[in-house]
Every structure is written in structure tokens, then in C-alpha cells.
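An overview of the molecular structure
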Amino acid sequence: DPYSSDPERHPALVINSLKPFNAEPPPEILSDSYITPSALFFKRNHLPVPQVDLASYRLHVEGLPGGKLTLSLEELKTRFPKHTITATLQCAGNRRSEMNKVKQVKGLNWGIAAISNAKWSGARLRDVLQAAGYGPDVAQSARHVQFEGLDKDVTGTTYGASIPLNKAVSEEGDVLLAYEMNGEDIPPDHGFPVRVVVPGVVGARNVKWLGKIIVSAEESSSHWQQNDYKGFSPGTDWDTVDFKSAPAIQELPIQSAITSPADGAMIDRSEETITVKGYAWSGGGREVVRVDVSVDGGKTWNVARLSSGDKGQTPEPSPPPGRAWAWKLWEVSAPLPAEAQEMEIICKAVDNSYNIQPDTIPPIWNLRGVLSNAWHRVKVKVRE
Ligand code: MTE
Ligand code: MO
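Residues numbered from 1 in each chain as written. Chains lettered and ligands numbered in written order. Predicted model: local features only at pLDDT ≥ 70, side-chain atom pairs only at ≥ 80, totals over all residues.

Quick look at the overall build of the chain
- Secondary structure assignment for the chain yields seven helices and 22 strands.
- For 384 residues, the compact-globule estimate of 2.2 N^0.38 gives 21 Å, and the C-alpha radius of gyration of the chain, at 21 Å, lies within 12% of that figure.
- Expressed along its principal axes, the backbone C-alpha trace of the chain runs to roughly 70 × 55 × 45 Å.
- Per-residue burial for the chain yields a buried fraction of 46% across its 384 residues.
- The long-range share in the chain, meaning contacts at least 24 apart out of those at least 6 apart in sequence, stands at 70%. (Helix = DSSP H or I, 4+ residues; strand = E, 2+ residues; numbered from the N terminus. Rg over C-alpha atoms; globule rule 2.2 N^0.38 Å. Buried ≥ 20, exposed ≤ 12 C-beta atoms within 10 Å, placed from the backbone. Contact = placed C-beta atoms within 7 Å.)

Below is the structure:
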């Protein structure tokens with residue numbers, strides 16, 4: 001069993017698949033902390049977790065004029081300045097289960113918690129590429145930076161993905177070769193000893209257990225870059241889909257969801273007000289500027305209070321424009337609508353490009369169930 005050496009996991013995680021291991025935290029726990037504890041951070045593995053021996057671990061950098069650069073973990077830590085960012089990671093399939101309810105899609109049936117927020121530290125990819133000979137002349141021919149994981153399928157094929165070169169080398173891109181998550185060594189499930197953190201970009205490009213970096217004119221040829229993680233029309237089905245016709249997902253669209261109350265919860269009329277909580281995040285470093293919440297199915301709206309920290313603690317300083325990599329948690333209290341026996345609670349977020357979420361799922365439905373970011377709705381019952 002190639003999965004027999006997989007690490008132990010937190011018992012509170014909601015499991016989507018055991019082998020490979022895919023799990024998300026319960027929504028109420030997710031919004032309990034601005035920084036998601038690593039043990040509760042969602043886990044998305046396509047393959048068994050590789051066992052990496054630090055003594056022989058080497059990161060290889062190829063495709064640059066300086067020739068091949070090979071770094072041990074120690075060299076990565078000591079030769080390059082350590083940089084820390086707080087960044088939210090979201091799987092392209094987050095909220096897929098809602099798409100599944102409209103019409104069956106293919107993929108893991110994620111709820112609303114295939115998203116988490118952590119503090120990541122490591123070397124900047126930009127610094128490592130420069131040490132390997134990256135310069136303006138390279139940008140004439142190269143367009144992409146490919147990453148290969150050390151996790152392999154039965155045929156020996158590794159997980160792989162790529163990002164555009166400009167994101168990788170931009171000073172404002174903040175792409176990290178991270179060796180710490182929340183102040184500790186990256187846990188086995190999240191890519192020990194080194195993972196790429198590409199803030200603002202879909203989870204799939206944040207390659208874990210990083211073994212190789214290749215600067216190239218081409219995107220990664222991996223299955224996950226070429227034949228997966230792409231968006232299609234609601235009218236495209238498995239007979240007509242042409243994966244070559246769509247670009248690989250990179251920056252993600254605006255997203256938000258309600259973590260509390262849970263769908264189907266019961267509340268007492270005597271409470272008079274209801275408190276609604278959730279998260280909001282946008283890709284590409286765009287900052288969430290507002291979250292609107294309705295407790296009457298969209299007739300009236302309340303503006304939620306946004307936060308970048310935990311209650312009673314100093315919030316994180318606001319990010320420079322275009323570098324809002326971390327989510328916001330939000331909360332709002334609203335009066336219970338008079339006489340309603342059932343309430344539909346809705347949230348929708350706005351980012352600083354004034355991007356908004358679509359109100360319903362059918363117009364964004366796609367056969368792979370990715371990019372599911374419609375207004376999030378939960379129904380609660382009111383007890384007299
Ligand atoms: N990297 C490797 N090597 N293997 C993988 O299976 N999964 C990707 C990405 N990086 C994956 C990987 C996907 S699809 C996502 S959403 C994120 O890792 C999940 O990161 P996490 O498990 O740390 O939450
Ligand atoms: Mo993912």
C-alpha cells in the first residue's frame with residue numbers, strides 16, 4: 001500500500017477521500033481563527049505523501065543561463081533572505097458540492113472549506129532564479145516556470161504544474177519556496193520540506209514536496225496543467241470538451257461563504273437577532289473591500305464587519321495595493337425577519353476591482369465543477 005506511510009491526521013477533519021488523502025475542516029472551526037492551524041488546514045493530495053530524507057534532499061533549478069543550480073534545504077535557508085507572507089490557499093474545486101446539486105460534475109465533493117489561511121516563510125523564488133542566472137534576456141524566450149513534486153503515481157509520473165514567468169520573478173509577486181508553515185517546518189501533508197506558495201493563484205500551482213524548478217518557453221506538460229483545472233461553458237459536456245481550448249486556471253475569482261450558522265440550523269424567535277459569520281477572499285492580490293449579507297433571501301442587505309485577525313488581537317497591517325494575499329473573516333448581526341419560519345441567509349463579496357460573485361450556479365456550472373463562487377446561501381429554521 002503506497003499510502004501506508006501517510007502521516008496521521010486531525011480527527012476533526014471531514015474526509016473526502018482517504019487514499020489519496022483529501023479533507024477539509026468543519027466550517028465553524030474554519031472561521032474560528034484567522035490563521036488556520038496547520039493540522040486543520042484543508043488537505044488536497046493527488047498521490048501518496050512522499051517520504052523525504054533531508055540528507056539527500058536537493059532542489060534542482062534548470063533552464064537558466066547559469067546552468068543547473070542544486071540546493072540542499074540548508075543552502076536554501078542560508079543563501080537567501082527569509083521572507084514571510086500570510087496567504088490563503090483555495091482549491092479550484094472548493095464548493096464543488098453546490099455545483100453537483102445543479103447537475104453532476106466530476107471531482108471530489110468539496111464543501112465550503114477547501115480553503116485555508118496560513119503564514120508561510122521561505123526564500124523568494126525570484127531570488128533563487130536570479131542566483132541561477134535569471135536576467136532580462138531570459139524573459140525574451142522563457143514564459144513559464146514549471147514545478148515538479150516528489151510525489152509519484154504507480155508509473156513514476158510526478159505531480160507538476162507551472163505559473164507565468166512574470167508572476168514568478170516580479171518583486172510584488174511574493175512567490176515563495178516555503179520551508180515553514182505557521183512558524184514550523186512544513187508538515188508532511190503540506191509539502192515537507194519545501195513547497196511553492198504562489199499567492200493569489202489556484203491551489204493546484206502551489207506544488208508541494210518540490211523537487212525541480214524549470215524555466216521554460218512552455219507550460220508544464222503535466223496532466224494537471226494540461227487536462228484538468230480549466231474552466232468551460234455550462235454547455236460543454238464530456239463528448240465535446242477540448243482541454244486545449246481553455247487556459248489553465250491561475251488567479252482565482254472573488255469568493256465568500258457563510259461558515260455559521262450551518263445550513264439547516266434551528267434558531268429561537270426569542271433571540272431577535274442572528275449573527276452570521278464567514279470568510280471572503282479574491283485571487284490575484286485583489287483585496288476584499290465589502291461583504292453584503294441578507295437574512296431575508298436577498299430582499300434587504302447588511303454590510304458585514306471585515307477582520308484580518310482574531311478577536312482581542314492586533315489585526316494584520318493592511319497589505320500594499322495588489323498584494324492582498326490573505327482572506328478576511330467577517331461577521332454581522334441582523335434582526336430576525338418578522339414572522340418568517342424559514343430564513344434564507346446569503347453572502348456575497350466585492351473586491352477592489354469591483355468584481356462580484358454571480359448570484360446563482362447554473363450560468364457558471366462546468367463539467368469539472370471548478371470555480372464555484374456563486375452567492376453562498378444557507379437556510380435556517382425559526383422556532384417560535
Ligand atoms: N503538490 C503536489 N506535489 N501534489 C499534489 O497533489 N495538490 C495541489 C497543490 N499542490 C498537490 C500539490 C492542489 S490541487 C491543491 S488545492 C493544493 O496543493 C493543496 O494544498 P494543501 O494540501 O496544503 O492544502
Ligand atoms: Mo486543488
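On we go from here.
Some remarks on the nonpolar core
- Counting 98 residues, the largest nonpolar core has Leu129, Leu176, Leu177, Ala178 and Val196 as its most contacted members.
- What Ala178 contacts, discounting residues up to four positions off in sequence, is Trp120, Ser121, Gly122, Ile186, Val194, Arg195 and Val197. (Core = buried A, V, L, I, M, F, W, Y, C linked by C-beta atoms within 7 Å.)

Points about the sheet that holds strand β16 (residues 273–281)
- Spatial ordering of the open sheet is given by β14-β16-β20-β19, a layout of four strands whose pairing is antiparallel. In this open sheet, the two strands that pair with only one neighbour each are β14 (255–260) and β19 (305–307). The sheet shows a mean angle of 30° between the axes of neighbouring strands, taken without regard to direction.
- The sheet contact formed by β14 and β16 spans five bridges and is antiparallel. Its bridge partner being in β16, Ala257 is matched across the sheet by Tyr279. (Pairing = 2+ DSSP bridges. Axes fitted to C-alpha atoms, helices over the stretch in contact; angles between N-to-C directions.)

Quick notes on the pairing of strand β21 (residues 342–351)
- In terms of burial, β21 is largely enclosed, as seven of its 10 residues are buried.
- Bridging between strand β17 (residues 288–294) and β21 involves six bridges; their strand directions are antiparallel. When the sheet's bridge partners are listed, Arg290 is paired in β21 with Val350.
- Bridge analysis of β21 against strand β22 (residues 376–383) gives six bridges, and the strand direction is antiparallel. Opposite Glu344, over in β22, you have Lys379 as the bridge partner.

Comments concerning the sheet that holds strand β13 (residues 210–216)
- With mixed pairing, five strands are arranged side by side in an open sheet as β5-β4-β13-β8-β9. One side of each edge strand has no neighbouring strand; the edge strands of this open sheet are β5 (69–71) and β9 (158–164). Here the average twist between neighbouring strands, direction ignored, is 15°.

A short note on the site of ligand 1
- Contacts to ligand 1 come from 20 residues, most closely from His46, Cys91, Gly149, Tyr159 and Gly203.
- Going through the elements one at a time, β3 (43–44) and β8 (144–152) are the ones with two or more residues in the shell around ligand 1. (Near = placed C-beta within 6 Å.)

What to know about the domain arrangement of the chain
- Once the domains are mapped, the chain shows domain 1 (14–239) and domain 2 (255–383).
- For domain 1 and domain 2, the distance between their C-alpha centres works out to 27 Å.
- Tallying the contact residues gives 39 residues for domain 1 and 34 residues for domain 2.
- Elements with a contribution of two residues or more to the side of domain 1 that touches domain 2: α1 (27–30), β6 (83–90), α3 (96–102) and β7 (115–124).
- When its residues are assigned to classes, the side of domain 1 that touches domain 2 shows 17 nonpolar, 13 polar and nine charged. (Domains from an automatic or database assignment. Nonpolar A, V, L, I, M, F, W, Y, C, P; charged D, E, K, R; others polar.)

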